[in-house]
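Spelled out, the chains give:
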Amino acid sequence: MKFLGKFLPVAALVAQTVFVAHAEFDISAFAPEGGLALGANYWGSKSATRMWQDWDPDSLAKDLDVLKAHGFTYLRVFPRWDVFQPIWEAHTPNQQTYETYLTQDELPRPETPAGYAGVDERMMERFEAFCDLCAKRDMKLIVCLMTGQMTFRIFTPQALERRDLYTDPVALKWERRLLDYFVTRMRHHRAIAAWESGNETCCLGPIASPDAVEAWLALIHGTIRLADPTRPVIGPNTINITDGAWRIDRIAPLSDVLTVHPYNMWTKAFLDDGNGIRNAFFAPSCNVALEQIGGKPAFVEEHGIRRAECTSKANTALYARGLCWNLWSSGCRGLGWWCAFDQDNQMIPPYDWKEPYLELGAFKSDRTPYPVAKTLGSFMSFLDGLPFRKLPAAKTDCVIIVRDGEMVNSTYVLARQAGLQPRFADPTKKLPDASVYFLPNAKGRAFLTLRRWEELKARVREGGATLAISWNDTFLSDHEAVFGAEIESRTPGKPVFRPITAEVLEKDGEGRPYLMRNRYGKGVVYLLARPLALAANARVGGFDSNSWRYYAKVCPKKLMVEDGVRDVTVSEHPFGETRVGVILVNNSTTPYAAKPTVAEGWRVVSAHTDDPVAAEWKDGALRLAGNAGILLMLEKSAK
């Protein structure tokens, strides 16, 4: 028994790690289910990334007051890694490490728990004082523990510079010590709602593979959980599905919450007007796909607009209004605006470099609110004033099998234009049950293994499902039986199909079969001769056409409120058998005014909006200004 006793503590730790990794946390403190919380990525308005060194609690308190007054309920905060763990190495001539000191004053680290972890206790005292300021205002915190990357600058301790922060044993030692000390030291504080490894820790350097990501993240998240098993651990931002090292399937199992940082201006969304439907659905589509594929709660942790190069201050506010409606209706739990304050008053790196954009704040650096701050706050007040706080999820209509974020964004827009609520699936994983499957941009084998392709065929052949494939040099096996057609010839992007058993529904301008339908067992297969969603995503105005009608043809749906307009989208949220909330959002700058068709046997009993000037329901007529939304409550008419 004495021999076994030596190992019981280790066994207990392992058991605790396994238990915590599979625990379900209440994250409603900063991300309510069925609601939408408003947060900000926060650096002090006065000192930005030097807020911990240039400590000014009075200035910070004023920041918090203005944020609270505009509806912000949580902050994502950044203890700078090099400031909180200021360790310096002393080397011999042959670069052998002889000793690691605390700060460059070359004095030994104190013989305390903080000294062992290489942590500056003064900074911890300041962080705790900041937490106290937040607690007094009932503001919750997401703490990014190792903020080693921020706005294109690396902030790692001197002792870890030029080391591989994901695999080097010296780096891993100090990372583990920092996390263990920081979390243990601060886990008592009620202002802290969640922990995170750091800010965009996928940007701390190159990493070899998804296996390296999994190994590193297991150490980091495991250390945090052992120090505090009571709070959720947020995973690094990602929307990678089949490509890249930082993939959803490696991050999600090790995380309690998932996040995206969807910046429109660095994607093809930037091809179109910022207040159009492509941009309106960019962030919501990323979040929807991440949550559905990852299987964990997700929220938009960072999002902002580079106003000077794409839109006015007024249009930024209108964009934010439509964004809030779309995030709320799609089930997103939170929106973290990047960032709280402009950083145009800074001359320190990275702000003095050529890369960073300094005017991304909801407020000016002098705390004057921009219109977007008022719009965001107004939407939160609207949610708080509703007779319910939780919005039931909309029922999904189809599964879209996607391999990357580009297909997520484009297919989501087309599906929503067709009135559909999609569920996204990873082609490398077991597919969810559905009556309709879309396989867009089926390049090659579309990342489907033979096992997964056989599974999908069986869903159609034996289960009676519908499958819609967009061809792109596709070479899935048994295609003649499945598609009911064969390729006679092709030139780049222009295949010529010969129907065998398929029915030709549409032809292109040169008379070649463009859309075909084939009976396959108990189900139906549609074959589209072009990668429609890929093409729409690649061109300016790609979603201003009738491309969405393909999705409506494959998966027709009768909406409870039919508006008949492509960019005024509808989502339905059942509150039971006799009561449904219907949200309509105008995802364009063109005002909408008409009398939508309400489903027979139902009646609109109330209408709710964040902006009565921009949205109104009166005597069966609906008016929506650009980027405006409204919630109509429908009840079943008595027989």
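Up top is the structure.
Residues numbered from 1 in each chain as written. Predicted model: local features only at pLDDT ≥ 70, side-chain atom pairs only at ≥ 80, totals over all residues. Heavy atoms only, no water.

1. Looking at the nonpolar core
Soluble globular proteins tend to pack their nonpolar side chains together in the buried interior.
Part 1 of the reasoning: Membership of the largest hydrophobic core comes to 192 residues, with the highest contact counts inside it found for Leu75, Phe130 and Trp328.
Part 2 of the reasoning: What phenylalanine 130 contacts, discounting residues up to four positions off in sequence, is Tyr42, Met51, Trp52, Trp55, Leu60, Leu64, Leu75, Val77 and Leu141.
Part 3 of the reasoning: With 20 residues, the next largest nonpolar core counts Leu559, Val582, Ala614 and Leu632 among its residues. (Core = buried A, V, L, I, M, F, W, Y, C linked by side-chain atoms within 4.5 Å. Buried < 20%, exposed > 50% of the residue type's maximum accessible area, 1.4 Å probe, protein only. Contact = heavy atoms within 4.5 Å.)

2. Some details on the packing of helix H3 (residues 57-69) against helix H6 (residues 121-136)
Part 1 of the reasoning: Running from N to C, H3 and H6 point in directions that differ by 30 degrees, and their axes come no closer than 10 Å. Taken as a pair, H3 and H6 cross one another with a handedness that is right-handed. Residue-level inspection shows Pro57, Leu60, Ala61 and Leu64 of H3 in contact with H6, the latter providing Phe130, Leu133 and Cys134.
Part 2 of the reasoning: Considering only residue class, the contact of H3 with H6 consists of 7 nonpolar, no polar and no charged. (Axes fitted to C-alpha atoms, helices over the stretch in contact; angles between N-to-C directions. Helix = DSSP H or I, 4+ residues; strand = E, 2+ residues; numbered from the N terminus. Left-handed = near helix turned anticlockwise from the far one by under 90°. Nonpolar A, V, L, I, M, F, W, Y, C, P; charged D, E, K, R; others polar.)

3. A short note on the pattern of salt bridges
Part 1 of the reasoning: In total, this model carries 41 salt bridges according to the counting rule given.
Part 2 of the reasoning: Put simply, aspartate 168 and arginine 163 hold a salt bridge, and the shortest N to O gap is 3.3 Å.
Part 3 of the reasoning: Two residues, glutamate 455 and arginine 459, come together in a salt bridge whose shortest N-O distance is 3.1 Å. Linking glutamate 455 with arginine 459, this pair stays in helix H16 (residues 450-461), spanning 4 residues, or about one helical turn. For the pair shown, glutamate 455 and arginine 459 are each scored as buried.
Part 4 of the reasoning: One salt-bridge network, in which partners are shared between bridges, spans Lys494, Asp508, Glu510, Arg512 and Arg530. (Salt bridge = Lys/Arg side-chain N within 4 Å of Asp/Glu carboxyl O.)

4. Details of the sheet that holds strand E30 (residues 629-636)
Part 1 of the reasoning: Judged by pairing direction, the sheet is antiparallel, and its 4 strands sit side by side in the order E23-E24-E30-E27 without closing on themselves. The sheet is open, and its two borders are formed by strand E23 (568-574) and strand E27 (602-608), each paired with just one other strand. The average undirected angle you get between the axes of adjacent strands in this sheet is 25 degrees.
Part 2 of the reasoning: Where E27 and E30 come together, 6 bridges link them in antiparallel fashion. Bridging from a neighbouring strand, tryptophan 602 pairs with lysine 636 of E30.
Part 3 of the reasoning: On the sheet, helix H13 (residues 313-329) packs against E23, strand E24 (579-586), E27 and E30 and is oriented at approximately 145 degrees with respect to E24. (Pairing = 2+ DSSP bridges.)

5. Re the pairing of strand E14 (residues 422-425)
Part 1 of the reasoning: As paired elements, strand E13 (residues 398-401) and E14 share 4 bridges and run parallel to each other. Bridged to valine 399 within E14 is arginine 423.
Part 2 of the reasoning: Crossover E13 to E14 through helix H15 (residues 405-417) is right-handed. (Right-handed = clockwise from strand over helix to strand, strands pointing away.)

6. Here we look at the environment of valine 372
Part 1 of the reasoning: Tracing the sequence through the fold places valine 372 in helix H14 (residues 371-384).
Part 2 of the reasoning: When neighbours within four sequence positions are excluded, valine 372 is seen to be in contact with Thr316, Ala317, Ala320, Trp337 and Ala362.

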